[in-house]
Amino acid sequence: MTISANIENGAHAAFAPPPFEESVAELYQSLLVPILFAPYAAEMAILADRSKPGSVLELAAGTGALTRALRTTLDPPTEIVATDLSQAMIDIGAPSVTLSRTHWMHADAQNLPFAPEMFDLVICQFGAMFFPDKVKAYSEAERVLRGKGRFLFSTWDSLSVNDFARCVDECLAGIFPSDPPDFLRRLPYSYFDPGPIKAQMSSAGFKAVTCDRLELISAAATAQDVASAFCQGTPLRGEIEWRAPERMSEIVDEVAERVEARHGASPSGSMSASVVAGRAA
């Protein structure tokens, strides 16, 4: 079965509710992508290109930061299928990559609507942390890979070595000392220990698993952009609004002041992630 036919057949599968609302997805794309995700997308696309894949499945594509980098870097004939659980993310991402051989669709990484051995590469940028059952998701990646195909994904290192995220988290903890919003430390910056990651990949059937740190610099035009990106362009927004629904603007300003004091008016800071790679049997 061809990739296009498989997409059509799987288009009506049932999926969990999307984790990002439209307003959050818009700020995610306009602010968070250039600050955090675009720099890593360029590096991930270079790594993906090393094996010269003919077909690529992207999991948790979001608004397409990595998709765009892959389309620019990989050979033009390469087939790319970009998937996400959130329709809001797809609605924003899909119009930004409309070239031929690029497809967008809903897909749950834990229950992929594809036949076995359809792809040369499965890739995921900063989505694995959100998979409830990581071994199941990794097993699905292994299932849809052709023999010797590669699975490549990135996951954030700890908050302590990611300057902007740490600054935002510490500021919010000061604003809400008795009940601090914990989205950042609970999910995106929680999955960084190489031992369990490698063990889960091995349990899913992957061989020659590696986990390498990649440190880059994050930059923003203004401290306000950093504060808005994190506080309004991620699920932190819901956690803040639940605690103080009338104070969002004030809280964003306070976080911006903290970011500027620590990282400058045109802030830059270090960020660190791990790039995990494994080979299908």
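Residues numbered from 1 in each chain as written. Predicted model: local features only at pLDDT ≥ 70, side-chain atom pairs only at ≥ 80, totals over all residues. Heavy atoms only, no water.

Digging into the overall build of the protein chain
Helices and strands together make up the secondary structure of the protein chain, namely eleven helices and seven strands. Whereas a compact globule of 281 residues would reach a radius of gyration of roughly 19 Å, the protein chain reaches 19 Å, a difference of no more than 12%. For the C-alpha atoms alone, the extent of the protein chain along its principal axes is close to 55 × 35 × 30 Å. The 281 residues of the protein chain split such that 54% are buried. (Helix = DSSP H or I, 4+ residues; strand = E, 2+ residues; numbered from the N terminus. Rg over C-alpha atoms; globule rule 2.2 N^0.38 Å. Buried < 20%, exposed > 50% of the residue type's maximum accessible area, 1.4 Å probe, protein only.)

A word on helix H8 (residues 194-203)
Sitting at the amino-terminal end of H8 is Asp 193, which places a side-chain oxygen 3.0 Å from the backbone nitrogen of Gly 195. Note on H8: the residue one or two positions beyond its end, Gly 205, has a positive phi of about 105°. (Polar contact = N/O pair within 3.5 Å; in protein donor to acceptor, adjacent residues only side chain to side chain.)

Thoughts on the pairing of strand E5 (residues 145-156)
Here six bridges tie strand E4 (residues 119-125) to E5, and the two strands are oriented parallel to one another. Each residue of the ladder has a partner; that of Ile 123, found in E5, is Leu 152. Crossover handedness for the path E4 to helix H5 (residues 134-144) to E5: right-handed. (Pairing = 2+ DSSP bridges. Right-handed = clockwise from strand over helix to strand, strands pointing away.)

Here's the deal with the confidence of the model for the protein chain
Per-residue pLDDT for the protein chain averages 93, and the proportion of residues at 70 or more is 92%. Predicted confidence for residues 7-19 stays below pLDDT 50, and this span has 19 contacts to residues more than four positions away or in other chains. (pLDDT = per-residue confidence, 0-100. Contact = heavy atoms within 4.5 Å.)

Thoughts on the packing of aromatic side chains
Enumeration over the complete set of coordinates arrives at 13 aromatic pairs. Their ring planes at 25° and their centres at 5.5 Å tell us that Trp 156 and Tyr 189 sit as a pair that is stacked. Remark: Tyr 189 occurs in the loop between helix H7 (183-186) and H8 and Trp 156 occurs in strand E5; sequence separation between them is 33 residues. Look at Tyr 189 and you get buried, because its relative accessible area is 5%. Of the aromatic side chains, those joined through ring pairs into one cluster are Tyr 28, Phe 37, Tyr 40, Phe 126, Trp 156 and Tyr 189. (Phe/Tyr/Trp six-rings, centres within 6.5 Å; stacked < 30°, edge-to-face > 60°.)

Observations regarding the pattern of salt bridges
Across all of its chains, the model carries 15 salt bridges by this definition. Between Asp 179 and Arg 243 there is a salt bridge whose closest N-O contact spans 3.2 Å. Here Arg 243 lies in helix H10 (residues 236-243) and Asp 179 lies in the loop between helix H6 (163-175) and H7, a separation of 64 residues in the sequence. Exposure remark for Asp 179: the relative accessible area of 35% places this residue in the partly exposed category. The exposure class assigned to Arg 243 is partly exposed, which follows from its relative accessible area of 24%. A salt bridge links Glu 241 to Arg 237, with the shortest nitrogen-to-oxygen separation between them at 3.3 Å. Here the residue Glu 241 and the residue Arg 237 both occupy positions in helix H10, the gap between them amounting to four residues, near one helical turn. On the accessibility criterion, Glu 241 (33% relative accessible area) is partly exposed. Linked through salt bridges whose partners overlap, the residues forming this network are Asp 163, Arg 166, Glu 170 and Arg 262. (Salt bridge = Lys/Arg side-chain N within 4 Å of Asp/Glu carboxyl O.)

Remarks on the environment of Phe 131
Looking at where Phe 131 falls in the secondary structure, it is placed in the loop between E4 and H5. Spatially, the C-alpha atom of Phe 131 lies 27 Å from that of Thr 98, the residues being 33 residues apart in sequence. Contacts of Phe 131, omitting those with residues within four sequence positions, involve Leu 59, Ala 109, Gln 110, Cys 124, Ala 137 and Tyr 138.

Considerations on the environment of Arg 186
Of note, Arg 186 is situated in helix H7. Sequence separation between Arg 186 and Met 129 is 57 residues; the distance between their C-alpha atoms is 9.6 Å. One polar contact links Arg 186 to Asp 182, side chain to side chain, over a distance of 2.4 Å.

A few points about the nonpolar core
If you look at the biggest cluster of nonpolar residues, it comprises 92 residues, and the most contacted ones within it are Tyr 138, Phe 151, Phe 153, Trp 156 and Phe 230. Broken down by element, this core gets its largest block of residues, 14 residues, from helix H2 (residues 22-49). Excluding residues that lie within four positions of it along the chain, Tyr 138 makes contacts with Ala 128, Phe 131, Phe 151, Phe 153, Tyr 191, Gln 200, Met 201, Ala 204 and Phe 206. Core analysis: the second largest hydrophobic core is formed by five residues, Ala 61, Ala 82, Ile 90 and Val 97 among them. (Core = buried A, V, L, I, M, F, W, Y, C linked by side-chain atoms within 4.5 Å.)

Structural notes on the sheet that holds strand E7 (residues 268-279)
The seven strands lie next to each other as E3-E2-E1-E4-E5-E7-E6, forming an open sheet whose pairing is mixed. Edge positions in the open sheet fall to strand E3 (102-106) and strand E6 (207-219), since each of these has one partner strand only. On average, adjacent strands in this sheet sit at an angle of 20° to one another, irrespective of strand direction. Direction of pairing for E6 relative to E7: antiparallel, over a ladder of eleven bridges. (Axes fitted to C-alpha atoms, helices over the stretch in contact; angles between N-to-C directions.)

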